[in-house]
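Below, each chain spelled out in residue letters.
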Amino acid sequence: MLFGILGETRAWHDDGAEVPLGGPARRALLALLLVRPGEVVSADRLAEEIDPAAELSAHAVQSQVSRLRAALGPAAAIERAGAGYRIAVADDAVDAGRFERLTGQGRAALRDGDAHRAAELLQEALGLWRGPALAEIAGTGTARAAAARLEELRLGALEDRFEAALRLGEHRTAVPELRELVGRHPLRERLAALLVRALSAEGGQAEALVVFEETRRHLADELGADPSPELAALHRELLDTDSTPAIAAPPAQLTSFVGRAADAAETAELLRVARLVTLVGPGGVGKTRLAVEIAARNAADAGAGEVCFVELAPLRDGAAPAQALLGALGLRESGLHLDGSRTPLDRLTAALSDRLLLIVLDNCEHLVDETAELAARLLAACPRLRILATSREPLGIIGESLQQVGPLDEDAAARLFTDRAAAVRRGPAADPALVRRICAAVDGLPLAIELTAARLRTLEIHDLAERLDDRLAIAARGTRTADQRHRTLRSVVAWGWELLTEPERRAARRFAVLAGGATAEAAAQVCDTDTETLEALADKSFLQTAGGRYRMLETIRAYAAEQLAAAGERDVAERAHTRYVGQLLRTADPHLRRAEQLDWLPVLAAEHDNVLTALRRTIAAGEVETALELLASGSTYLWIRGTAASVAPDAAALLAAIGDRPALADPAAAGDPQGVRDRHAAGDPQGVRDPAAAGGPVQAGTAPPAGLGEEYAICTLLAAPGSTGMPVWQQHRAAAERALAAAWPGDRPGRYPAALLVWMMRNAGQAALQERQSAFELVSAQRDCPEPWARAVARYVAGFGLLGAGDQEAAERDFALAGEGFDALGDRWGAALVLDLLAGLAGGRGDRARAIALTERALALTEELGALEDAADLLVNRGDQLAADDLPAARADYARAAELAVRAGSADGLGAALRGQADLALADGDPAGAERLYTEALERIDPHWIKALGNRVRALAGLARVAEENGDRAAARTHYRRAAESAAAVGPSAPDVLRVLGLPDALVEAVSRA
């Protein structure tokens, strides 16, 4: 007979027939006896656990035993033993006994390296479970402890099974169940380690780092403990893996490549000798499709380097293609500390200086001048770079090789039509002569062929040919010129348009406002349509789908835009688009300061082109209030993702528009009238505002529109990154600070907490001492603000004031409280800043172990946010701490930091890494090598950025030490004096700033004495 207690208590005869056990009391009695087969269980304990209310007498227990004996029969004897009972069955007769035996054997197989055998045994063991162990009595006494032990064994078996699965390479299938188990058991480190390993093996380093950080937080919050050495080692291993951001690959093609094999081979060969090749031809001729094929062949060539595909079509006139290229390369315009002193071109030059890469710049014709300038600058500075461009006209720069792309020849056009026709309609092949006639009618233009073939869903091919002849009047045409081919393509698009249903036409013309494409949900909302209509447009080749998004080819989009204007619907569609973008940004904004920020950042990144389009459209239309709200709602995303510089010209234009109109109110009183709050609550970014009703005009200049003071302050921050924005900053700073102070009085929250942190950063980096003090007072006044993120920022900023007062202990307490606030919210941006700061303080006072631990936690968070530049900076910091005890580890950190800095296009990061390598050269007795590296470092480090100050001072002090070793005391004094002058630029608290930046006390004192 067999018994089961891993779930509801059951018994079976040897032939598999189930034994009727009776009611719950009898099942509970049997379960208690089966916990340890053969061991005596006292009658009192049986009574107590079967009936915790103590109403079951000894006689009643005896009666239940008698009935259970009758049910089981002689195969399972229940014996009386003294004052209790026992059941005489073998351990293996009970599922719990077999489970323990199988798990032990599986664990042994795992130790022996036999993962296949281990997986089989463990799967068999886990298959014995039918539910919670001892389900009827697990809430009482001894049974509770027994059930807990069995559940613990089950978890251990699950972990062993996953261990076997990972050894067998089954990472992908393990992740979903591991994720669920980690959610149910957040303190179980081995489960977390297994999930981290599985995610990492699948290339999900960032997700793996998230799991580690969440586990670390749970352990700290609930147990006050740090991760185990094993989990910590796994974390370090993750940080050492390649974190290079993924670059934009050519768009996936859902159809075969037909008719251009010779062109592709010729262009690929040309790219081997020419560094800039431009595919030139009219719209619809297939330039993009050809470029995609060439890029794919290049990517497949192991020695040809990487490929980055940049879509320029969504950009409007005057937009900088350099920023689009940065985004396609997966690079940020600034780090988490928001240094905006480097231009996108600076970063691109640094990132691509020695990178073997093919860049595809698609659809350049509307940005020829800007694209030509970018290509010329990059090709001159980056010798291993090649560029393939597509355009309707040449870029016109030295070294450009042109490749004309014309219509398909007769055979290729026929093959393309036949291929596309077969995809939409099954059946015998069409008459070849008829196919050639159709292809000739559309001049062999690939886009026209695809649009025409799509009509076979509803038309017979003979009917299709006749209608096309009537439309294009084929017999009247002779030799085709480029302009005539353009008219042919336009006629084909127009003909296909007329064959759409009215709901399809309406959706298609409204789709023209979606510059960056859209998800089905977004397209349905903006186009006021449904999914079925969008799918129909895709079936008819008016839309394309890729990566879960719909997009429209530029030729079709241009026609759709004309139809939108002709229908008098452009204003309606554009407002729908603006509403969608505004609502998306407002919905996402609070999540970007919470744990779910990693989910929302890629959502907004995918909509970046739509955000820019809506913003620029509203500015051009003079809709100042709406533009301010869009900018403010998107500001947290722009700052965290490091793309704020992309809107700097727009923000500056918006400020100019504000200055050109009468002010509506004093900024000190323009914090947040109830009307603005009501409009935000209603989700309307375009509510009509009556200037007279808002308090009347007072004066032109720098005052914000009524009720939008906070948005105006954010616009000022976004308009003035780095030194290029200084005139704008100087003009608007005072009014912006008054407006921000009115929005954040300290006892109630404003709308955009991130503005507080950035305001302090901006003032700390490039403002006069008095302005830094006023910014400090504004932000630190939020210590008791009801908004938790703002409170954490206030603690973070207040700590600097305590440092300046010489109270480092109190400062660290405030910094720690800030970190706890950010941790509680799950925000990685603020938490990383605080951890970096605390690590610097710990390192400055000689607590290297703590500095390293804090730096590694900060590294994990920056990796999650894709902040490569910050990761490089943190690796340098860790190298500085390791250099005292572990030179090889420090050397590895500096080398990795240099690599990441180059990849990120961060000159400052590379300078910091070179400074670290110079320190090691000096320690190795190579003063000449150290001097060379220190000099190179100083050439790259921005002398005006406070975050780079520590490395600048270290490099200058290093040169001083080199001079001392060479016996040149005058040169040494000069270098120390330059270091002191750099430190003095931050004000009287320079020594404290240097300690925060991680400089040892001895070095701080040496610089201070100078």
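With that settled, consider the overall build of the chain. A tally of regular secondary structure across the chain gives 46 helices and twelve strands. By residue count, 55% of the 1010 residues in the chain fall in the buried class. Nonlocal contacts in the chain, meaning residues at least 24 apart in sequence, comprise 71% of its contacts between residues at least 6 apart. Total accessible area on the chain stands at roughly 40,800 Å², and carbon and sulfur atoms take up 51% of it.

A separate point is the nonpolar core. One finds Leu-388, Phe-417, Trp-639, Tyr-796 and Trp-829 to be the most contacted residues of the largest nonpolar core, which totals 201 residues. Filtering out sequence-adjacent residues up to four positions away, Trp-639 remains in contact with Arg-332, Leu-338, Ala-644, Ile-714, Leu-717, Leu-718, Ala-754, Ala-755, Val-758 and Trp-829. Judged by nonpolar contacts, the second largest core, of 73 residues, contains Ile-5, Leu-46, Ala-174 and Leu-199.

Here the focus is the sheet that holds strand β8 (residues 357-362). What the five strands build is an open sheet, ordered β7-β8-β9-β6-β10; its pairing is parallel. Only two strands of the sheet have a single neighbouring strand rather than two, namely β7 (306-311) and β10 (400-404). Pairwise comparison of adjacent strand axes, ignoring direction, gives a mean angle of 20 degrees for this sheet. Taken together, the six bridges between β7 and β8 define a ladder with parallel strand orientation. Bridge pairing links Val-310 to Leu-361 in β8. Along the sheet, helix α13 (residues 321-328) contacts β7 and β8; its crossing angle with β7, the most-contacted strand, is approximately 130 degrees.

Here strand β4 (residues 77-81) pairs with strand β5 (residues 84-88) via five bridges, running antiparallel. Paired with Arg-80 across the strands is Tyr-85, a residue of β5. Count of turn residues in the β4/β5 antiparallel hairpin: two residues, of which Gly-82 carries a positive phi of about 60 degrees.

Here we come to the confidence of the model for the chain. On average, the chain scores 84 in pLDDT, and the residues at 70 or more come to 87%. Note that pLDDT drops below 50 for residues 474-480; the model gives that stretch 13 contacts with residues more than four away or on any other chain.

With that settled, consider the environment of Leu-402. Mapping Leu-402 onto the fold places it in strand β10. According to the relative accessible area criterion, Leu-402 is partly exposed, its value standing at 40%. Along the chain, Leu-402 and Ala-389 lie 13 residues apart, while their C-alpha atoms are 9.5 Å from each other. When residues no more than four places from it in sequence are discounted, the contact partners of Leu-402 are Thr-278, Val-280 and Pro-394.

Another point: the environment of Gly-746. Considering the arrangement of structural elements, one finds Gly-746 in the loop between α32 (726-743) and α33 (754-766). When its relative accessible area of 12% is taken as the criterion, Gly-746 is described as buried. As a C-alpha pair, Gly-746 and Val-779 span 33 residues in sequence and 8.7 Å in three-dimensional space. Contacts of Gly-746, omitting those with residues within four sequence positions, involve Ala-781, Gln-782, Asp-784 and Cys-785.

Attention shifts here to the sheet that holds strand β3 (residues 41-42). Two orientations exist for strands paired in a sheet by backbone hydrogen bonds: parallel and antiparallel. Pairing within the open sheet is antiparallel, and its three strands lie in the order β3-β5-β4. The open sheet terminates on both sides in strands that have one partner only, identified here as β3 and β4. The pairing of β3 with β5 spans two bridges and is classified as antiparallel. Bridged to Ser-42 within β5 is Gly-84. Where helix α1 (residues 24-34) meets the sheet, its contacts fall on β3, β4 and β5, and the angle it forms with β5 comes to roughly 75 degrees.

In this section: unusual backbone geometry. In the Ramachandran plot, Asp-443 falls in the positive-phi region, its phi being about 60 degrees despite a non-glycine side chain. With respect to the helices, strands and loops of the structure, Asp-443 is situated in the loop between α17 (432-441) and α18 (446-454). Positive phi is not limited to glycine here, since Asp-528 has a value of about 55 degrees. Among the secondary structure elements, Asp-528 is positioned in the loop between α22 (520-527) and α23 (531-539).

The next subject is helix α38 (residues 848-864). Its 17 residues give α38 an end-to-end C-alpha distance of 24 Å, which sits within 8% of 24 Å, the value for a rise of 1.5 Å per residue. Immediately beyond the C-terminal end of α38, within one or two residues, lies Gly-866, with a positive phi of roughly 70 degrees.

Since there are 3.6 residues in each turn of an α-helix, residues three or four apart along the chain are aligned in direction. Buried residues of α17: Leu-434, Val-435, Ile-438, Cys-439 and Ala-441, and no others. Burial along α17 is one-sided: seen end-on, the buried residues are contained in an arc of 160 degrees. Pointing more than 90 degrees away from the buried face of α17 are the exposed residues Pro-432 and Ala-433. Directly beyond the C-terminal end of α17, a positive phi value near 60 degrees is found at Asp-443.

This model, assessed by the stated rule, comprises 64 salt bridges. A salt bridge links Glu-100 to Arg-149; its shortest N-O distance comes to 2.9 Å. With Glu-100 in helix α4 (residues 95-111) and Arg-149 in helix α6 (residues 141-167), this residue pair connects regions lying 49 residues apart in the sequence. The exposure class of Glu-100 is partly exposed, given its relative accessible area of 32%. Given a relative accessible area of 34%, Arg-149 falls into the partly exposed group. Between Glu-120 and Arg-117 there is a salt bridge, with its nearest N and O atoms 3.7 Å apart.

On to the pairing of strand β9 (residues 385-391). Among the seven residues of β9, seven are classified as buried, and the element is accordingly described as predominantly covered. Residues Leu-385, Ile-387, Ala-389 and Ser-391 line one face of β9 and the alternating positions Arg-386, Leu-388 and Thr-390 line the opposite face, and both faces are buried. Bridge count for strand β6 (residues 276-280) against β9 is five bridges, and the pairing is parallel. From the neighbouring strand, Leu-279 faces β9, where its bridge partner is Thr-390. Taken together, the five bridges between β8 and β9 define a ladder with parallel strand orientation. By the bridge assignment, Leu-358 is partnered in β9 with Arg-386. The parallel pair β8 and β9, bridged by helix α15 (residues 368-381), forms a crossover whose chirality is right-handed.

Enumeration over the complete set of coordinates arrives at nine aromatic pairs. With centroids separated by 5.2 Å and ring planes inclined at 50 degrees, the aromatic side chains of Trp-729 and Trp-759 adopt a geometry described as tilted. Remark: Trp-759 occurs in helix α33 and Trp-729 occurs in helix α32; sequence separation between them is 30 residues. Across this residue pair, the class does not change: Trp-729 and Trp-759 are buried. Between Phe-800 and Phe-815, the ring centres sit 5.3 Å apart and the planes meet at 70 degrees, which makes this aromatic pair edge-to-face. With Phe-800 in helix α35 (residues 788-804) and Phe-815 in helix α36 (residues 808-825), this pair connects stretches of sequence that are 15 residues apart. Residue Phe-800 is classed as partly exposed on the basis of its relative accessible area of 36%. Take Phe-815: its relative accessible area is 0%, and that puts it in the buried class. Site record: aromatic cluster; members linked through ring pairs are Trp-497, Phe-542 and Tyr-559. The aromatic ring of Phe-162 is capped on one face by Arg-161, whose charged end is 4.8 Å from the ring centroid.

We now examine the packing of helix α41 (residues 907-923) against helix α43 (residues 949-965). Two elements in contact, α41 and α43, have axes separated by 10 Å at closest approach and are oriented at 25 degrees. What the angle tells us is that α41 and α43 run roughly parallel. Where α41 crosses over α43, the handedness of that crossing is left-handed. Where α41 abuts α43, its residues Ala-912, Arg-915, Asp-919 and Leu-922 lie against Asn-951, Arg-954, Ala-955, Gly-958, Arg-961, Val-962 and Glu-965. Across the contact of α41 with α43, the residue classes break down as four nonpolar, two polar and five charged.

Between helix α7 (residues 171-184) and helix α8 (residues 189-201), the shortest axis-to-axis distance is 9 Å and the interhelical angle comes to 145 degrees. Relative to α8, α7 is oriented so that their crossing is left-handed. Along its contact with α7, which presents His-171, Val-175, Leu-178, Arg-179, Leu-181 and Val-182, the element α8 presents Leu-191, Ala-192, Leu-194, Leu-195, Ala-198, Leu-199 and Ala-201. Residue composition of the contact of α7 with α8, by class: eleven nonpolar, one polar and one charged.

Procedures and definitions
Residues numbered from 1 in each chain as written. Predicted model: local features only at pLDDT ≥ 70, side-chain atom pairs only at ≥ 80, totals over all residues. Heavy atoms only, no water. Helix = DSSP H or I, 4+ residues; strand = E, 2+ residues; numbered from the N terminus. Buried < 20%, exposed > 50% of the residue type's maximum accessible area, 1.4 Å probe, protein only. Contact = heavy atoms within 4.5 Å. Areas by Shrake-Rupley, 256 points an atom, 1.4 Å probe, with all protein chains shown as cover. Core = buried A, V, L, I, M, F, W, Y, C linked by side-chain atoms within 4.5 Å. Pairing = 2+ DSSP bridges. Axes fitted to C-alpha atoms, helices over the stretch in contact; angles between N-to-C directions. pLDDT = per-residue confidence, 0-100. Expected span 1.5 Å × (residues − 1). Arc of directions from axis to C-beta. Salt bridge = Lys/Arg side-chain N within 4 Å of Asp/Glu carboxyl O. Right-handed = clockwise from strand over helix to strand, strands pointing away. Phe/Tyr/Trp six-rings, centres within 6.5 Å; stacked < 30°, edge-to-face > 60°. Lys NZ or Arg CZ within 6 Å of the ring centre and 35° of its normal. Parallel < 35°, antiparallel > 145°, perpendicular 65-115°, else oblique. Left-handed = near helix turned anticlockwise from the far one by under 90°. Nonpolar A, V, L, I, M, F, W, Y, C, P; charged D, E, K, R; others polar.

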